[in-house]
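Spelled out, the chains give:
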Amino acid sequence: MFRVLFSDLKQGRLMRGAYIGYSLLLTLAMLIFVFLTIFSIGVAEHIAGGDLSKAQLQLETWLAGPYVLFLVLFSAAYLFASFNTMAKRIRDTGLPGWWGTLTIIIVELAVSILITGITASLIHLAITAAIVFIPSDQFK
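The present account deals with the structure reproduced in this document. (Residues numbered from 1 in each chain as written. Predicted model: local features only at pLDDT ≥ 70, side-chain atom pairs only at ≥ 80, totals over all residues. Heavy atoms only, no water.)

Quick word on the overall build of the protein chain
- Of regular secondary structure, the protein chain possesses five helices and zero strands.
- Sequence-ordered secondary structure for the protein chain, helices as α and strands as β, is α-α-α-α-α.
- The C-alpha atoms of the protein chain give a radius of gyration of 19 Å, which is well past the 14 Å a tight globule of 140 residues would have.
- Counting across all 140 residues of the protein chain, residues that qualify as buried make up 24%.
- The long-range share in the protein chain, meaning contacts at least 24 apart out of those at least 6 apart in sequence, stands at 66%.
- Total accessible area on the protein chain is roughly 9200 Å²; 76% of this is exposed by carbon and sulfur atoms.
- Put simply, the protein chain has 9 plus and 7 minus side-chain charges, and the middle of one group is 16 Å from the middle of the other. (Helix = DSSP H or I, 4+ residues; strand = E, 2+ residues; numbered from the N terminus. Rg over C-alpha atoms; globule rule 2.2 N^0.38 Å. Buried < 20%, exposed > 50% of the residue type's maximum accessible area, 1.4 Å probe, protein only. Contact = heavy atoms within 4.5 Å. Areas by Shrake-Rupley, 256 points an atom, 1.4 Å probe, with all protein chains shown as cover. Lys, Arg positive; Asp, Glu negative; His and termini not counted. Charge placed at Lys NZ, Arg CZ, Asp CG, Glu CD.)

With respect to the packing of aromatic side chains
- Under the criterion given, the structure shown has five aromatic pairs.
- Taking the centre distance of 6.1 Å and the plane angle of 25° together, the rings of Phe 80 and Trp 98 count as stacked. In this pair, Phe 80 is assigned in helix α3 (residues 52-93) and Trp 98 in helix α4 (residues 97-114), connecting sequence segments 18 residues apart.
- The exposure class of Phe 80 is partly exposed, given its relative accessible area of 30%. (Phe/Tyr/Trp six-rings, centres within 6.5 Å; stacked < 30°, edge-to-face > 60°.)

Remarks on the pattern of salt bridges
- Scanning all chains against the criterion turns up four salt bridges.
- The partner of Asp 92 in a salt bridge is Arg 13, with the nearest N and O atoms 2.7 Å apart. You can see Asp 92 sitting in helix α3 and its partner Arg 13 sitting in the loop between α1 (2-6) and α2 (16-47), a full 79 residues away along the chain.
- You can call Asp 92 buried: its relative accessible area is 2%. (Salt bridge = Lys/Arg side-chain N within 4 Å of Asp/Glu carboxyl O.)

Structural notes on unusual backbone geometry
- Positive phi values are uncommon outside glycine, yet Asp 137 reaches one of about 60°.
- Following the sequence through the fold, Asp 137 ends up in the segment after α5 (117-133).
- You can call Asp 137 partly exposed: its relative accessible area is 35%.

Looking at the nonpolar core
- In this structure, Leu 5, Leu 14, Tyr 19, Tyr 22, Leu 26, Ala 81, Met 86, Ile 90, Ile 104, Ile 131 and Val 132 together form the largest nonpolar core, which totals 11 residues.
- Within the residue set of this core, elements represented by two or more residues are α2, α3 and α5. (Core = buried A, V, L, I, M, F, W, Y, C linked by side-chain atoms within 4.5 Å.)

What to know about α5
- Compared with the 24 Å implied by 1.5 Å per residue over 17 residues, the 24 Å span of α5 between its first and last C-alpha is a close match.
- Listed as buried for α5 are Ala 120, Ile 131 and Val 132. The buried side chains of α5 occupy one side of the element, clustering within an arc of 110° when seen end-on. Turned more than 90 degrees away from the buried face of α5 sit Ile 118, Leu 122, Leu 125 and Phe 133, all of them exposed. (Expected span 1.5 Å × (residues − 1). Arc of directions from axis to C-beta.)

As structure tokens, this is what we get:
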């Protein structure tokens with residue numbers, strides 16, 4: 001699994017089903033991370049006697065450095081794995097993988113900055129659907 005997510009940068013390919021599976025796995029990992037963060041805030045609030053501001057201060061005192069470091073490392077790994085799986089799927093369709101991924105990222109960022117985030121999300125959804133539904137070797 002880690003080999004698929006983090007290696008084969010230039011030659012790897014993912015068929016449609018594998019791409020959907022790995023994308024769902026990455027989304028699940030991010031959701032678990034978010035829920036664990038929310039859970040830890042709730043636990044700290046309970047320990048602080050129901051005072052949310054006191055709980056946040058306590059968490060900041062205890063975990064600020066390690067949490068930020070873990071957040072940065074987890075986010076970097078998540079983004080790299082997402083971009084790598086996208087590049088592999090794009091390469092499987094017959095297009096250049098990393099150049100296609102970079103183009104998609106730039107287009108979505110530009111739309112998000114120049115228009116709205118919702119429009120960028122809709123474009124991302126459309127591109128993801130296209131990546132999923134285009135058959136393997138369609139553009140070879």
